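# Coordinates in review
One letter stands for each residue in the lines below.
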Protein chains: 2
Amino acid sequence: MYGQIRFERNPHLKTKPGIQDDLGFGRIFTDHMLVLDYEEGQGWHDPRIIPYAPLSYDPAAMIFHYGQAVFEGLKAFRTESGEIQIFRPDQNAKRLNRSSERLNMPPIDETFIVNAIQELVRVDADWVPSKQGASLYIRPFVIATEAGLGVRPSSRYSFVVIMSPVGAYYEEGLQPVKILVESHYARAVHGGTGGAKAAGNYAASLKAQVLAKEHDCAQVLWLDAIDKKSLEEVGSMNVFFKIGGEVITPSLSGSILEGITRKSIIHLLSDWGIPVTERRISIDEIVQAYENGTLEEAFGTGTAAVVSPIGSLLWQDTPMVINNGEIGELVHKLYDTITGIQYGRIADKHGWMVTC
Amino acid sequence: MYGQIRFERNPHLKTKPGIQDDLGFGRIFTDHMLVLDYEEGQGWHDPRIIPYAPLSYDPAAMIFHYGQAVFEGLKAFRTESGEIQIFRPDQNAKRLNRSSERLNMPPIDETFIVNAIQELVRVDADWVPSKQGASLYIRPFVIATEAGLGVRPSSRYSFVVIMSPVGAYYEEGLQPVKILVESHYARAVHGGTGGAKAAGNYAASLKAQVLAKEHDCAQVLWLDAIDKKSLEEVGSMNVFFKIGGEVITPSLSGSILEGITRKSIIHLLSDWGIPVTERRISIDEIVQAYENGTLEEAFGTGTAAVVSPIGSLLWQDTPMVINNGEIGELVHKLYDTITGIQYGRIADKHGWMVTC
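None of the values given here were measured: they were computed from a predicted structure. (Residues numbered from 1 in each chain as written. Chains lettered and ligands numbered in written order. Predicted model: local features only at pLDDT ≥ 70, side-chain atom pairs only at ≥ 80, totals over all residues. Heavy atoms only, no water.)

What follows concerns helix α1 (residues 89-102) of chain B. Residues and elements named next belong to chain B. Taking 1.5 Å of rise per residue, the 14 residues of α1 would be expected to cover 20 Å, and the 20 Å separating its terminal C-alpha atoms lies within 8% of that figure. In terms of residue burial, α1 counts as a mostly covered element, since 10 of its 14 residues are buried. Buried within α1 are the following residues: P89, Q91, N92, A93, R95, L96, N97, S99, S100 and R102. (Helix = DSSP H or I, 4+ residues; strand = E, 2+ residues; numbered from the N terminus. Expected span 1.5 Å × (residues − 1). Buried < 20%, exposed > 50% of the residue type's maximum accessible area, 1.4 Å probe, protein only.)

Residues and elements named next belong to chain A. Most of strand β3 (residues 43-51) is tucked away, with seven of its nine residues classed as buried. Here strand β1 (residues 6-7) runs beside β3; their pairing, made up of two bridges, is parallel. Its bridge partner lying in β3, F7 is registered against I49. Two strands pair when backbone bridges link them, and strand β2 (residues 32-39) and β3 are joined in this way by seven bridges, in the antiparallel orientation. The residue of β3 that forms the bridge with V35 is R48. Hairpin geometry of β2 and β3 is characterised by an intervening segment of three residues between the two adjacent antiparallel strands and by a positive phi of about 95° at G41. (Pairing = 2+ DSSP bridges.)

Let us look at the pattern of salt bridges. Residue and element names in this part refer to chain A. A full pass over the atoms with the stated rule returns 30 salt bridges over all chains. A salt bridge links R262 to E278, with the nearest nitrogen and oxygen atoms 2.7 Å apart. Of the two residues, R262 is situated in helix α4 (residues 260-271) and E278 in strand β15 (residues 276-278); the sequence distance between them amounts to 16 residues. Using a relative accessible area of 3% as the deciding quantity, one classes R262 as buried. (Salt bridge = Lys/Arg side-chain N within 4 Å of Asp/Glu carboxyl O.)

On to the relation of the copies chain B and chain A, then. The second copy of the chain is related to the first by a rotation about an axis and a shift along the axis. Aligned on chain A, chain B shows an RMSD of 0.0 Å; the corresponding rotation is 180° and the shift along the axis is 0.0 Å. What we have between these two chains is a two-fold relation. In this assembly, 100% of the residues forming the interface of chain B have copies in chain A that are likewise at the interface, indicating an isologous arrangement. (Least-squares fit on C-alpha atoms with pLDDT ≥ 70 in both. Contact = heavy atoms within 4.5 Å.)

The interface of chain B with chain A comprises 55 residues on the first partner and 56 residues on the second. A buried area of about 4,800 Å², summed over both sides, lies between chain B and chain A, and 65% of it is on carbon and sulfur atoms. Sorting the residues of chain B by area buried against chain A places P59, F64 and L149 of chain B first, and these three jointly supply 14% of that buried surface. The salt bridge involving E101 of chain B is made with K207 of chain A; its shortest N-O contact spans 2.6 Å. Elements with a minimum of two residues in the side of chain B that touches chain A: β4 (55-57), β5 (69-71), α1, β8 (135-144) and α3 (199-214) of chain B. For the side of chain B that touches chain A, the element with the most residues is α3 of chain B, which contributes nine residues. Where strand β4 (residues 55-57) of chain A meets β4 of chain B, three bridges bridge the pair, whose relative direction is antiparallel. Of the residues in β4 of chain B, the one forming a bridge with S56 of chain A is S56 of chain B. (Buried area = accessible area lost by both parts, 1.4 Å probe.)

This paragraph deals with the domain arrangement of chain A. Residues and elements named next belong to chain A. Split by domain assignment, chain A resolves into domain 1 (6-168) and domain 2 (177-342). Here domain 1 and domain 2 have C-alpha centroids that lie 27 Å from each other. Surface buried jointly by domain 1 and domain 2 totals about 1,800 Å² across both partners, of which 58% is contributed by carbon and sulfur atoms. Summed over the three residues of domain 1 that lose the most area to domain 2, namely F71, F87 and R95, the buried surface amounts to 33% of that side. Summed over the shared surface of domain 1 and domain 2, the number is one salt bridge. Two residues, R98 and E258, come together in a salt bridge whose shortest N-O distance is 3.3 Å. Across the domain 1-domain 2 interface, the total number found is 13 residue pairs in polar contact (both at pLDDT 80 or more). Here the side of domain 1 that touches domain 2 gets six residues from one element, more than from any other, and that element is helix α1 (residues 89-102). (Domains from an automatic or database assignment. Polar contact = N/O pair within 3.5 Å; in protein donor to acceptor, adjacent residues only side chain to side chain.)

This next bit is on the packing of α1 of chain A against helix α2 (residues 110-123) of chain A. Any two packed helices are characterised by the angle at which their axes cross and by the distance between the axes. Residue and element names in this part refer to chain A. The interhelical angle for the contact between α1 and α2, taken along N-to-C directions, is 130°, at an axis separation of 9 Å. Classed by the angle they form, the pair α1 and α2 counts as oblique. You can see that α1 and α2 cross each other, and the crossing is right-handed. Contacts from P89, D90, A93, K94, L96 and N97 in α1 reach E110, I113 and V114 in α2. Considering only residue class, the contact of α1 with α2 consists of five nonpolar, one polar and three charged. (Axes fitted to C-alpha atoms, helices over the stretch in contact; angles between N-to-C directions. Parallel < 35°, antiparallel > 145°, perpendicular 65-115°, else oblique. Left-handed = near helix turned anticlockwise from the far one by under 90°. Nonpolar A, V, L, I, M, F, W, Y, C, P; charged D, E, K, R; others polar.)

Here we come to α3 of chain B. Residues and elements named next belong to chain B. With 16 residues, α3 extends 24 Å between its outermost C-alpha atoms, agreeing within 8% with the 22 Å of an ideal straight helix rising 1.5 Å per residue. The sharpest bend along α3 reaches about 35° and sits at L206. In terms of residue burial, α3 counts as a mostly covered element, since 12 of its 16 residues are buried. (Bend = angle between axes of the 7 residues up to and from the residue.)

This part takes up empty space enclosed by the protein. Applying the stated criterion to the full structure yields eight cavities of 30 Å³ or more. There is about 290 Å³ of room inside the largest cavity. As for the largest cavity, its lining consists of 27 residues, and the residues nearest its centre are T193 and N201 of chain A together with R187, T193 and N201 of chain B. If you list the elements that add at least two residues to the lining of the largest cavity, you get α3 (199-214) of chain A together with α3 of chain B. Partitioned by chemical class, the residues of the lining of the largest cavity number 14 nonpolar, 11 polar and two charged. Estimated volume of the second largest cavity: approximately 80 Å³. G73, L74, K75, F77, F87, N92, I260, T261, T303 and Q342 of chain A together form the lining of the second largest cavity. Going through the elements one at a time, β6 (74-78) and α4 of chain A are the ones with two or more residues in the lining of the second largest cavity. (1 Å grid on protein atoms, 1.4 Å probe; cavity = no way out; pocket = protein on both sides within 12 Å on 5 of 7 lines; lining within 4 Å. Points joined across faces, edges and corners; volume = space filled by probe spheres on them.)

This is the structure we're talking about:
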């Protein structure tokens, strides 16, 4: 599809970070990147792995004006036996196209996406960290590149994949966080772009994120923009609650991102015979469960952290402390299982891992 | 403010379009652009007018991922006496900062913005068309340029101004258009970014725009995302209705852009003693006015077109033809007055025009 991927080796390889270096998240990038171009009439063409270098576009390129951009995030892991494997890249490829569809951008062959990512990881295989908990974060994105100020779908796009070695999200084990329940700002709305991994969603969320930090909270818990009651996401993660033995996560209403970690967790819980329900859940229900003592656990889920236990929720200036602010048993088991599969310590029964 | 604007003249001037050339909108750009950079700790710095050239950023620059970008649009006109004047640039400067505030971006001194635009227009003065109805479209924008994949406000930005000679919006006089009333997709929501000229809003609107074209309509009339009844904007313009002698435009609810043409029209109508009200107006009210014969005129307003008469509204598969599909008297008078002021044919009583 789209022809052979052309390869131009970087003649100036960077110094790779050492085993003791603090990698952080998305700050250091590998030696190569993948690029594929689109032009109306011609379609996607000229796939190439080239040296990591600045992207250069006309100042009138639509990406600088109208936010027509979608992205994905996934990870490659080095197993104890030294193999490199990627977590569910087919799911990211599918979601990238769903996001593109919402912003009227052309789809990319999903097999091509997965193969191209595998090839890029192989080229920069030495960048996949071997340190426990570290991984190679992969960032595919599509941007509108036509130079023109008319508001309409771009006729040109670039699909780019860059990669960044990232440290363990939890250097010292899982850490419960404090979350602000946000009732003023909206992240998304039914009929909007909340279900897509669209660039503009993230810009829209920054103001509330800053507000959360001012309240000494790590993130916000978003409520539905319409009823200001239904729970949506926590920061840029999906959210789960364990109430009276049942696990509940908001159903995909169109304004919630269909998380791949979310999907995997629902799968695991079903495997384990733990009741798990996707449905509307309101902040009132959480308050009630908190008050009658049945709110057992709460956690966010996403690619970067896998799971992020919520230690307390700040709602209308009152904190609700969950599970005494400690890490719950379930969230711990989910974390150990998913990271176990990712690093090859636990058998991959579901065929989630793709080797490079 | 920010020091003297450095000037680097373009050694390779482009061939300017001729008087007979079709300029279109935002396709041709002048010889120079203005750039101002921001870095946390240092603030805005290094203002410069330099040759129009591609912008080059690290592939991890936040503009490519998280949509942290706002823009403005305004015009410079050549009067019959050959002077060049800009329509209300102070208003655009103010709004740019309001938009930036919503996306957690740093404000820019408003006097600097206006002065810098004037200076840039002076440098490329030969690009301001003299043809009737044509003008120089000015596009200031601010984009997040920090290279990093963590979702948080960028620590670096660029403010860029580019300019494009544009043709008359109506080559053959005002043209009424057909509009699709959109009830599925949402453009914005209370608590969201609809009140800001944020890049992501425009990407979010494309899908419905394409749908409108499929219905042989020029644009969509957006309904409020929550009640699906209240009118918001038409395409990317504000919207006005004349019902039984009264002019009504949706009030600024937070999800509607505070248009400068909108503001100017409200001002003119008040001057003329025509009743004008900013309030919630629903599609039901429009249907009712249509049915009882009091819906006299409807039009969009914005910088590109000034006014755009609505000839018919397609609502639930039924077209409502307004004023027999003809251009209304009021919309005509507004168009003639505003363009008259812009081209110096009518006295600028309100001090709206700024000479270069």
